[in-house]
Structures are given as structure tokens and as C-alpha cells.
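# Structural features, examined
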Amino acid sequence: MIEVSGLTKSYGKSRGIDNISFSIPEGQIVGFLGPNGAGKTTTMNIITGYLSAGAGTVKIAGIDVLERPIEAKRHIGYLPEQPPLYLSMTVEEYLDFVYELKGVKSTGQQAHIAQICDMTGLSDVYRRVIGHLSKGYKQRVGLAQALVGDPDVLILDEPTVGLDPRQIVEIRNVIKEMGQSRTIILSTHILPEVSAVCERVLVIANGVIVADDKPETLAGTVSGERRLVIRVAGPKDGVGRLLNGVDGVRSAKPLGEMEPGSCDFLIESTPGVDARKPVFSALAGAGHPILMLRPQDATLEDIFLKLTEEGT
């Protein structure tokens, strides 16, 4: 659905993005991450046709954005970080205006807009002035305008910025529902949003893509080591010495007593080694029961920081 190939954009002597390529199939929600100035907004502006690239191509549903911009843009709905709202209009007036502005050719305008309002939870405020709405409802109006024309592709730039926790959950649910039938690029600095909503993550740093994978796969790849949290019945010092002597265990750090007569440890194994079997054997041989064992992968925050530091 989205094909980006060899995309490059320079600002004077500075490269905004440098020869980036990726493709996103139909019906996938992709998180687009990167520090400020990494090239996220430039990339999204080129995909939506707001900017031209110095080199490379972007195709939406097989249509080249540069060669056939109007046709390509009919497939795109865009929500910028600051939604383009007219605060003096009612929701009804604004969505009618957007419908006309986009030149939607559907004959059922009111039915189409009613469907969008139902999806975004705007039906109850349909005739209210936008300027009188809460921040959360204004974001919903922004999402609604992006959906006018029923586009196949949605580009969402920081759709939950400035919202309270309840509003974030509401917008997250709307995005999930929209993603059932659309391709979505979600740019955000709120990393838990990516874990909760996105099936795939693209990370950009200094204008180049430094990672492209599922969030859970990136956790194992970036950490470079397997981390385990284990709860063992026995004295902290004795169990700690035993664990630190197991082959394949780089370190075993005590985390404290969570149950009487036991201690939790964070075990870091050497890269490429699964330490679970030797740890189990060593503890069983010493008569120390394992009360709990679970993996602790790198968080999305860990991944983001490591990848963007390596990209600088």
C-alpha cells in the first residue's frame, strides 16, 4: 500500500533524510519513531505530497505521489500534530467543509459523515462549536477530517499529544478500530502507545532507518542478551553466589525479598546463551526451589534510546 524507495531530502548542505526505503502492506499499523530532527516529519510530508523529495519515489496504492499527486492524495488521510481546525465552526459545518474541500465524489455526504462521527465518537457533539470542545474531542475532530473520503492510508502525527490518560485510551481505541481496514503510520513520542497499538516499528535517526521490526522482536535483538527475573527460596547471599557461578550467567543481581524466605534476582546471560536450563540444574542440585521465573526483555524505551544513540 505504501512504497518508499531511496527517499532523500536535503536542506541546504544538511540532509533531512538519506536514501531511506520501506514498504507497508495494506491493513498494518506501523509506529514511526525517532528523536526530534531525525527526519520523521520530513518523511511524512513527502509521503503525503506536502514536500517534494530530492531523490527517490513514494507510491500509494501503486500511484506515484510526484507524478499523479491528486490521485494519490485521494488515498491519504493526514492528521498533523496540530489539527487544522476552524474553532468558530460547529463539527457539522467543519466536516461538511472538509468534504467539499477534498472533492469527495460520494453521493451520500450526510451518511458518510454520520458514519465517521459514529466511528470517532463525535455524534453527541455534532452540532457543537469546535472551540468549546475539550482537547480530546478536538483530536477526535482532527481524526474525523482525516477519514473524510474513506482513505486507504492514514498518516497520524502525535495524535495523543497533550491528552489526559482517559483521552489517550479513547483515541487509542479509535486508531485500533480504524486500523482494521486501513494502513496507518503513527508517529509518536509516547512509546507505550506504540506497544499498545502498533504491529511494527520503524525507527529513524539522523535521516536513516536504523530499525524495522515487530516491537517484541526488537526487544530481543537490541538487548543482545537474555534477562530473567527469578524468585528463589533460600538465603540471598548463598543463592546469589551460586547463580553468579553458573556457566552462561553474566550477572545475578538481587532485587529484594518479595516472599518470606526467598529473594528475587535479575539474571543477565551472556549474548546468545539461554541460561534457564543450567540455572535450574544448579538450583535444584543445591536444594533451592524456584518459585517464579519470567523473561524481562528490553522495554521500548530501552530500544529507542539505544538505537537512536547508535545512530548519532
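Quantities reported herein were computed from a predicted structural model and do not represent experimental measurements. (Residues numbered from 1 in each chain as written. Predicted model: local features only at pLDDT ≥ 70, side-chain atom pairs only at ≥ 80, totals over all residues. Heavy atoms only, no water.)

## Points about the overall build of the chain
Quick note on the threshold: Secondary structure elements follow DSSP: runs of H or I of four or more residues count as helices, runs of E of two or more count as strands, with numbering from the N terminus. C-alpha atoms define the radius of gyration, and 2.2 Å times the number of residues to the power 0.38 defines the globule rule. We call a residue buried when its accessible area falls under 20% of the maximum for its residue type, exposed when it is over 50%, and partly exposed in between, using a 1.4 Å probe and counting protein chains only. Here, two residues are considered to be in contact whenever any of their heavy atoms come within 4.5 Å of each other. Positive residues here are Lys and Arg, negative ones are Asp and Glu, while His and the chain termini are left out of the count. To locate a charge, take NZ of a lysine, CZ of an arginine, CG of an aspartate or CD of a glutamate.
For the chain, the count of helices and strands is 11 helices and 14 strands. Over its C-alpha atoms the chain spans a radius of gyration of 25 Å, topping by over 25% the 20 Å that the globule rule assigns to 312 residues. Structurally, the chain occupies a C-alpha span of about 75 × 50 × 30 Å along its principal axes. Taking all 312 residues of the chain together, 47% fall into the buried category. Within the chain, contacts between residues separated by at least 24 positions form 68% of all contacts whose residues are at least 6 apart in sequence. When the 32 positive and 38 negative side-chain charges of the chain are each reduced to one mean point, those points stand 2 Å apart.

## A closer look at the pattern of salt bridges
The line we're drawing: Criterion for a salt bridge: a side-chain nitrogen of Lys or Arg within 4 Å of a carboxyl oxygen of Asp or Glu.
Overall, the coordinates contain 9 salt bridges when judged by the stated rule. In this structure, the salt-bridge partner of R276 is D274, at a minimum N-O distance of 2.6 Å. By relative accessible area, R276 is classed as partly exposed at 37%.

## Structural notes on the domain arrangement of the chain
Which entries qualify depends on this criterion: Domain limits in this description derive from either an automatic procedure or a database domain assignment.
Domains assigned within the chain are domain 1 (1-75 + 151-223 + 298-312), domain 2 (89-142) and domain 3 (224-296). Put simply, the middle of domain 1 and the middle of domain 3, counted by C-alpha atoms, are 39 Å apart.

## A closer look at the sheet that holds strand β4 (residues 55-60)
Keep this limit in mind: At least two DSSP bridges between two strands are needed for those strands to be called paired. Angles shown run from 0 to 180 degrees and are taken between the N-to-C directions of axes, each axis being a line fitted to C-alpha atoms and, for helices, limited to the stretch in contact.
The 4 strands lie next to each other as β2-β1-β4-β5, forming an open sheet whose pairing is antiparallel. The open sheet has two edge strands, β2 (14-24) and β5 (63-64), and neither has a second partner. With 2 bridges joining them, β4 and β5 adopt antiparallel strand pairing. Its bridge partner lying in β5, I60 is registered against I63. Sheet strands in contact with helix α1 (residues 40-47) are β1 (2-11), β2 and β4, and its direction is about 60° off that of β2.

## Overview of the environment of F32
Following the sequence through the fold, F32 ends up in strand β3 (residues 29-33). When its relative accessible area of 2% is taken as the criterion, F32 is described as buried. Along the backbone, F32 and K73 are 41 residues apart, and their C-alpha atoms lie at a distance of 20 Å. Non-local contacts of F32, meaning those with residues more than four positions away in its chain, are made with K40, T43, M44, I185, L186, S187, T188, L202, I204 and I209.

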